[in-house]
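Single-letter residue listing:
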Amino acid sequence: MPNRRFADGEVVMGRWPGSVLYYEVQVTSYDDVSHLYTVKYKDGTELALKESDIRSQSSFKHRKSQSSSSSPSRRSTSRSRSRSPGRPAKGRRRSSSQSREHKDDKKKTIQETNLALLVLVFSFNQKPSENNTRRYNGEPDSTERNETSCIILEQKLKPDLEIERVLEQYSLHPRKEEKKKEERHLEKKFFETIKTIEKASSKTKELEFGGRIGTFMLIFFLPATVFYLLLMCKQDDPSLMNFPPPLPALESLWEARVFGVFLLWFFLQALFYLLPIGKVVEGLPLSNGRKLQYRINGFYAFILTAAAIGALLYFQFELHYLYDHFMQFAVSAAAFSMALSIYLYIRSLKAPEEELAPGGNSGYFVYDFFTGHELNPRIGSFDLKYFCELRPGLIGWIVINLAMLLAEMKIHNQSMPSLSMILVNSFQLLYVVDALWNEEAILTTMDITHDGFGFMLAFGDLVWVPFVYSLQAFYLVGHPTAISWPVAAAIIILNCIGYYIFRSANSQKNNFRRNPADPKLACLKFIPTATGKGLLVTGWWGFVRHPNYLGDIIMALAWSLPCGFNHILPYFYVIYFICLLVHREARDEHHCKQKYGVAWERYCQRVPYRIFPYIY
């Protein structure tokens, strides 16, 4: 094992990654495996540096003093020049040729200084936490990438500098107008090179969901899964052994009137969204520092929708029409989501670079179409992604559940719904009302801050949420299940436990993100990071890394238990939810590791379990 050169607590000079600048740092720890020193800068930033990037203060000051003093060769040259008979006296005026030569040297120095400054600016644009993460993963760090960028810049600007050197060597200086023209040309090429490098660095390099092939298959697989689940629920025996279910005639899957009802529902929710009620809040800062404004009125939209549904029932509108044409509504929603996704991708082609989604800017059509190319597509102040996230699908889910409850009563000639149907409707109503009541919390989720708005979110919000999340209620209409009150009480307790974990964990996180200095949060401990944010290590976030996911899974299980154990179909939602949350957890882990670097490593050591305590 190699000996350490610097001890913990020692104050040394550390090189900032990707640059040639050294700053005073303090050594906090040393990793014997990676041979990296963890150092802390004066502003609190913690980075992992190699030993070659660290210098002792004494040697650094000694080297600085040597460079500031004149070398012997320079002194001898100075003495020889002072003895030259052709050299003018100290007090004489410079000749015009010497003055011109001095200006050209100064111009050359400025140009080369600009080149060096560009290299340093590009170096500082690299995130320190990203450098550390790539070092741990064995990937090239930002210093190596910056060196490549420097080579690109030097190759771009080298011809212009060479022309200047030749002109100076042979005194073939162009006229003043030509010089200005060349300076403008050099400046133009300089900034074009900056834009080229910034555009290349903003591209999505790590593809999710199986890349281009995986996303292409998901565009067809997701609608097929929805239709398969709905067809299976219609069967007398919805067993997995009865595959494939009998397919309906294609003409029976589409009805213009059903599509018109869906459009009426979508635009009614858009009208509620535009009403000037509810407070207006700012979202998290975007990459360019700008903050978008959002109107928080989802709960008011839910109240207005409930009043409209109540009016329809009062005038004896048959709401179980939804059950009778359920497959046609699903097809209409899928067709609309596809049309919306095409519109979103076409408009994203004209969006500025800074408005594109970090995860949907790969340059591959299929991948960007699926994940979403533009981060926050808006028509005026109407935010399409934010609107679809909570309104048409989430509120529509509750309306569908109510329609299934009324259909069960009509089909089975019941005066009141079954206990199983009441539990499913109540649990899911609580979940939706909670989401709408805490609408502001969604502004800190990755769906809003990171993911673009493409087919994945459009189909998920408008089709998957209302038609798959209501699967238990749809199943109970054709397959009634009787449960006893003690069993119902146990299921209620399970759902309350899951909801309590889900809500309290999300509240801790959202309140801490909004105002870490809140006196109410003084009892919470956290690990500071280089980004200025903290990682909670007490409360629910000190129990597991994603306690909100744990609460989600417990609630999903409680929603499925009223359907009994005759078939696995009602538990598809639980299986899907576990797979979805494990995928999200892996994505969150990767994102946080890149963002927080060494601080995330320390957090993972402090909180070893991801979702399930003592299991995973």
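Residues numbered from 1 in each chain as written. Predicted model: local features only at pLDDT ≥ 70, side-chain atom pairs only at ≥ 80, totals over all residues. Heavy atoms only, no water.

This is how it is decided: UniProt positions are given in the numbering used here, feature names are shortened, and annotations may be inferred rather than shown by experiment.
Under an unreviewed UniProt entry, the protein chain has the name Delta(14)-sterol reductase LBR and belongs to Eudyptula minor. In its Sequence similarities (unreviewed entry) section, the UniProt record describing the protein chain reads: "Belongs to the ERG4/ERG24 family." Its UniProt record gives the protein chain the following Pathway (unreviewed entry) comment, quoted word for word: "Steroid biosynthesis; cholesterol biosynthesis."

1. Description of the UniProt feature "transmembrane region" (unreviewed entry) in the protein chain
To be explicit about the condition: Helix and strand definitions here come from DSSP, where helices need a minimum of 4 consecutive H or I residues and strands a minimum of 2 consecutive E residues; each element is numbered from the N-terminal end.
According to UniProt, the "transmembrane region" (unreviewed entry) feature falls on residues 209-231, 256-275, 296-315, 327-346, 457-477, 483-502, 523-544 and 564-583. With 91% helix and 0% strand, residues 209-231 has end C-alpha atoms that lie 26 Å from one another. When the span residues 564-583 is considered, its composition is 60% helix and 0% strand, and the gap between its end C-alpha atoms is 28 Å.

2. Looking at the pattern of salt bridges
Using the following cut-off: Only one rule defines a salt bridge in this text: a Lys or Arg side-chain nitrogen within 4 Å of an Asp or Glu carboxyl oxygen.
Scanning all chains against the criterion turns up 9 salt bridges. Residue Asp8 is joined to Arg4 by a salt bridge in which the shortest nitrogen-to-oxygen separation is 2.6 Å.

3. Let's talk about the nonpolar core
Formally: Grouping buried Ala, Val, Leu, Ile, Met, Phe, Trp, Tyr and Cys residues that are joined through side-chain atoms within 4.5 Å yields what is termed a nonpolar core. Three labels apply to residues, based on accessible area from a 1.4 Å probe with only protein chains included: buried if under 20% of the type maximum, exposed if over 50%, partly exposed otherwise in between. We call two residues in contact when some of their heavy atoms are within 4.5 Å.
One finds Met404, Phe467 and Tyr469 to be the most contacted residues of the largest nonpolar core, which totals 111 residues. Looking at this core element by element, the count peaks at 16 residues for helix H13 (residues 384-411). For Phe467, the contacting residues outside a window of four places in its chain are Val226, Leu230, Phe326, Phe329, Ala330, Ala333, Ile400 and Leu462. Counting 16 residues, the second largest nonpolar core, distinct from the first, contains Leu521, Leu536, Tyr596 and Trp600.

4. A closer look at a nonpolar patch on the surface
Under the convention used in this document: A residue counts toward a patch only above 30% relative accessible area and without a salt bridge, and it is joined to like-charged neighbours within 9 Å or, for Val, Leu, Ile, Met, Phe, Trp and Tyr, to nonpolar neighbours within 5 Å. A 1.4 Å probe and the Shrake-Rupley method give the accessible areas. Residues count as covered only by the protein chains that appear here.
On the surface, a cluster of nonpolar side chains totalling about 490 Å² of accessible area is made up of Ile213, Phe216, Met217 and Phe220. Take Phe220: it is sitting in helix H7 (residues 211-233). A residue is classified by how much of its surface remains accessible, and Phe220, at 55% relative accessible area, is exposed.

5. Examining the environment of Asp368
With respect to the helices, strands and loops of the structure, Asp368 is situated in helix H12 (residues 365-371). The class for Asp368 is buried, based on a relative accessible area of 3%. Apart from the residues lying within four places of it in its own chain, the contact partners of Asp368 are Tyr345, Gly360, Asn361, Ser362, Gly363 and His373.

6. Considering the sheet that holds strand E1 (residues 11-15)
For the record, the criterion: When DSSP finds at least two bridges between two strands, those strands are taken to pair.
Ordered in space as E4-E3-E2-E1-E5, the 5 strands form an open sheet in which the pairing is antiparallel. With partners counted over all chains shown, the strands left at the sheet margins are strand E4 (46-49) and strand E5 (54-55), one partner each. Where strand E2 (residues 22-31) meets strand E3 (residues 36-41), 6 bridges bridge the pair, whose relative direction is antiparallel. The residue of E3 that forms the bridge with Gln26 is Lys40.

7. Overview of the packing of helix H11 (residues 326-348) against helix H16 (residues 455-468)
Condition: All axes here are fitted lines through C-alpha atoms, helices being fitted over the stretch that makes contact, and every angle between N-to-C directions spans 0 to 180 degrees. Angle categories are assigned with fixed cut-offs, so that under 35 degrees is roughly parallel, over 145 is roughly antiparallel, 65 to 115 is roughly perpendicular, and the rest are oblique. Two helices that cross are described as forming a left-handed crossing if the nearer one is turned anticlockwise from the farther one by less than a right angle, and a right-handed crossing if clockwise. Throughout this entry, Asp, Glu, Lys and Arg are counted as charged residues, while Ala, Val, Leu, Ile, Met, Phe, Trp, Tyr, Cys and Pro are counted as nonpolar. The remaining residues, Gly among them, count as polar.
Contact geometry of H11 with H16 gives a least axis separation of 8 Å together with a crossing angle of 165 degrees. As the angle between them shows, H11 and H16 are arranged roughly antiparallel. As for the relative orientation of H11 and H16, their crossing is right-handed in sense. Facing Phe326, Phe329, Ala330, Ala333, Ala334, Phe336, Ser337, Met338, Leu340 and Ser341 of H11, the residues of H16 in contact are Phe455, Ala458, Phe459, Leu462, Val463 and Phe467. Residues of the contact of H11 with H16, tallied by class, amount to 14 nonpolar, 2 polar and no charged.

8. Some points on the packing of aromatic side chains
Applicable threshold: Stacked, tilted and edge-to-face are the three classes assigned to paired rings of Phe, Tyr and Trp, where Trp is represented by its six-membered ring and a pair needs centres within 6.5 Å; plane angles under 30 degrees give stacked, over 60 edge-to-face, the rest tilted.
Applying the stated criterion across every chain yields a total of 46 aromatic pairs. Between Trp397 and Tyr469, the aromatic rings sit 5.1 Å apart at their centres with planes inclined by 75 degrees, giving edge-to-face as the arrangement. Taken together, the residues Trp397 in helix H13 and Tyr469 in the loop between H16 and helix H17 (471-478) connect sequence positions 72 residues apart. Side by side, Trp397 and Tyr469 carry an identical accessibility label, which is buried. Relative to Tyr603, the ring of Trp600 lies with its centre 5.0 Å away and its plane at 35 degrees, an arrangement referred to as tilted. Remark: Tyr603 and Trp600 occur in helix H21 (residues 598-606); sequence separation between them is 3 residues, near one turn of the helix. This pair shows no difference in class: Trp600 is buried, exactly as Tyr603 is. Among the aromatic residues, those joined into a ring-pair cluster are Phe262, Phe266, Phe267, Tyr273, Tyr294, Phe336, Phe382, Tyr386 and Phe387.

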